[in-house]
2 protein chains.
Amino acid sequence: MKLKLKKTEGIFGMELENEIGSKVELNATPNIGGELKGFRPMELLAGSLSSCSSIDVLNILNKQKIQPKKFEVDTDAQRRENETPSTFEHIHLVFKVSDEVHEDKFKRAIELSIEKYCSVSKILEPTCEITWEVKIVK
Amino acid sequence: MKLKLKKTEGIFGMELENEIGSKVELNATPNIGGELKGFRPMELLAGSLSSCSSIDVLNILNKQKIQPKKFEVDTDAQRRENETPSTFEHIHLVFKVSDEVHEDKFKRAIELSIEKYCSVSKILEPTCEITWEVKIVK
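Residues numbered from 1 in each chain as written. Chains lettered and ligands numbered in written order. Predicted model: local features only at pLDDT ≥ 70, side-chain atom pairs only at ≥ 80, totals over all residues. Heavy atoms only, no water.

Caption draft 1: Examining the interface of chain B and chain A more closely. Chain B puts 66 residues into the contact, and the matching count from chain A is 66 residues. Lys2(B) is the salt-bridge partner of Asp76(A), the closest N and O atoms lying 2.8 Å from each other. The interface formed by chain B and chain A holds 22 residue pairs in polar contact (both at pLDDT 80 or more) in total. Among the elements of the structure, β1 (2-7), β2 (14-17), β3 (23-26), α1 (41-63), β4 (71-79), β5 (88-98), α2 (103-117) and α3 (119-124) of chain B are those that each provide at least two residues to the side of chain B that touches chain A. The leading source of residues in the side of chain B that touches chain A is α1(B), at 16 residues. (Contact = heavy atoms within 4.5 Å. Salt bridge = Lys/Arg side-chain N within 4 Å of Asp/Glu carboxyl O. Polar contact = N/O pair within 3.5 Å; in protein donor to acceptor, adjacent residues only side chain to side chain. Helix = DSSP H or I, 4+ residues; strand = E, 2+ residues; numbered from the N terminus.)

Written out as structure tokens, the structure is:
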């Protein structure tokens, strides 16, 4: 896997590009002189957890011939704010799915992802507590 | 830190949004039915390392009144391909900077980031070897 990052405007403006040409803008937090534009690096990391786990869950459901009409994940990530480096202490994920998906099947898919399949979960495991809940929505 | 992820088109199409409304598109690898669109979750994670470390480096240089004309980081990330979860085994970063920055100062800033300040480097440390080199460019 190859990625290119380059500095753009301001002190901390950056653009990340992958091998198929997709791009995402990044910046630092305003308290060190960054601007409220794009993503902060630790947001990408927290987002890699929710998206990696979502792919597992959607893949497991898809194998059961279920493609949910609605699927969302809210992420709430807490950092060790008074430490440097300031790693994640706790990440809580709220998995929401439309009501054609049975709650037990949905929970089982998430459990398999977080405990067994998800690479980002495995990487975070030594330094971060990961918790989750589900919500069945209309 | 709060993030929202929602399923968009296809089986694995997703959109990640942060608190200031920035968005990035995600998808799964084609070999499980994903599409070559946006980013894959593990790309976001590798990109969080290069960008987190870049902010440290640009911050250290900025405190020395140096704002490089050109600054880029190439990332090459190797996963443990035959394992599930498939975590990163090795990430190599090539830091490139324009020649108004002294090579020794640049190396020292990167060293401080990777070994001391960078939160993503700290999170990856137990499971991934991180190496780096510098290139001074015109």
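Caption draft 2: Quick look at the pairing of β4(B). Of the pairings in the sheet, the one linking strand β1 (residues 2-7) of chain A to β4(B) comprises five bridges and is antiparallel in character. Each residue of the ladder has a partner; that of Leu3(A), found in β4(B), is Thr75(B). (Pairing = 2+ DSSP bridges.)

Caption draft 3: Representation of the packing of α1(B) against α2(B) in the model. All names here are of chain B. Contact geometry for α1 and α2: axes closest at 9 Å, N-to-C directions at 130°. Classified by the angle their axes make, α1 and α2 are oblique. Where α1 crosses over α2, the handedness of that crossing is right-handed. Taking contact as the criterion, the partners of Ser53, Asp56, Val57, Ile60 and Leu61 in α1 are, on α2, Phe106, Ala109, Ile110, Leu112, Ser113, Ile114 and Tyr117. Here the contact of α1 with α2 is composed, by residue class, of nine nonpolar, two polar and one charged. (Axes fitted to C-alpha atoms, helices over the stretch in contact; angles between N-to-C directions. Parallel < 35°, antiparallel > 145°, perpendicular 65-115°, else oblique. Left-handed = near helix turned anticlockwise from the far one by under 90°. Nonpolar A, V, L, I, M, F, W, Y, C, P; charged D, E, K, R; others polar.)

Caption draft 4: Here's a closer look at the confidence of the model for chain A. Confidence in the prediction of chain A, expressed as mean pLDDT, is 97, and 100% of residues score 70 or more. As scored by the predictor, the complex reaches a pTM of 0.97 and an ipTM of 0.97. (pLDDT = per-residue confidence, 0-100.)

Caption draft 5: Broad picture of the sheet that holds β1(A). Strand order across the open sheet formed by six strands is β3(A)-β2(A)-β1(A)-β4(B)-β5(B)-β6(B), with mixed pairing between neighbours. Looking at the sheet topology across the chains shown, the edges are occupied by β3 (23-26) of chain A together with β6 (129-137) of chain B. Within the sheet, the average angular offset between the axes of one strand and its neighbour, ignoring direction, is 20°. Sheet topology places β4(B) next to β5(B); nine bridges connect them, and they run antiparallel. In the sheet register, Ala77(B) faces β5(B), and the bridge partner there is Ile91(B). Along the sheet, α1(B) contacts β1, β2 (14-17) and β3 of chain A together with β4, β5 and β6 of chain B; its crossing angle with β4(B), the most-contacted strand, is approximately 145°.

Caption draft 6: Representation of the pairing of β3(A). Residues and elements named next belong to chain A. Covered by surrounding structure in β3 are Val24 and Leu26 only, the residues Lys23 and Glu25 on the alternate face being uncovered. In this structure, β2 lies alongside β3, joined through four bridges in antiparallel fashion. Looking across to β3, one finds that glutamate 17 is bridged to lysine 23. Counting the residues between successive antiparallel strands, the hairpin from β2 to β3 contains five residues, one of them, glycine 21, with a positive phi of roughly 85°. (Buried < 20%, exposed > 50% of the residue type's maximum accessible area, 1.4 Å probe, protein only.)

Caption draft 7: Structural detail: unusual backbone geometry. Residue and element names in this part refer to chain A. Omega for the peptide link from threonine 84 to proline 85 comes to -5°, which places this bond in the cis form. The topology assignment puts proline 85 in the loop between β4 (71-79) and β5 (88-98). At lysine 65, a residue that is not glycine, the phi angle is positive and equals roughly 65°. Within the secondary structure, lysine 65 is located in the loop between α1 (41-63) and β4.

Caption draft 8: Quick peek at the packing of α1(A) against α1(B). At a minimum axis distance of 8 Å, the contact between α1(A) and α1(B) shows a crossing angle of 170°. Between α1(A) and α1(B), the angle is such that the two are roughly antiparallel. Where α1(A) abuts α1(B), its residues Pro41(A), Leu44(A), Leu45(A), Gly47(A), Ser48(A), Ser51(A), Cys52(A) and Ile55(A) lie against Pro41(B), Leu44(B), Leu45(B), Gly47(B), Ser48(B), Ser51(B), Cys52(B) and Ile55(B).

Caption draft 9: Molecular detail of the relation of the copies chain B and chain A. Relative to chain A, chain B is turned by 180° and slid 0.0 Å along the rotation axis, the superposed coordinates differing by an RMSD of 0.0 Å. Within this description, the copies of the chain are treated as partners about a two-fold rotation axis. Comparing contact sets, 100% of the residues at the interface of chain B also lie at the interface in chain A, consistent with an isologous, same-surface contact. (Least-squares fit on C-alpha atoms with pLDDT ≥ 70 in both.)

Caption draft 10: Layout of the sheet that holds β5(A). Strand order in the open sheet made by the six strands is β6(A)-β5(A)-β4(A)-β1(B)-β2(B)-β3(B), with mixed pairing throughout. The sheet terminates laterally at β6 (129-137) of chain A together with β3 of chain B, the two strands that pair on one side only. Ignoring strand direction, the axes of neighbouring strands in this sheet form an average angle of 20°. Pairing between β5(A) and β6(A): nine bridges, direction parallel. Within the sheet, the bridge partner assigned to Val97(A) lies in β6(A) and is Ile136(A). The sheet contacts of α1(A) involve β4, β5 and β6 of chain A together with β1, β2 and β3 of chain B, and relative to β4(A) the element is tilted by about 145°.

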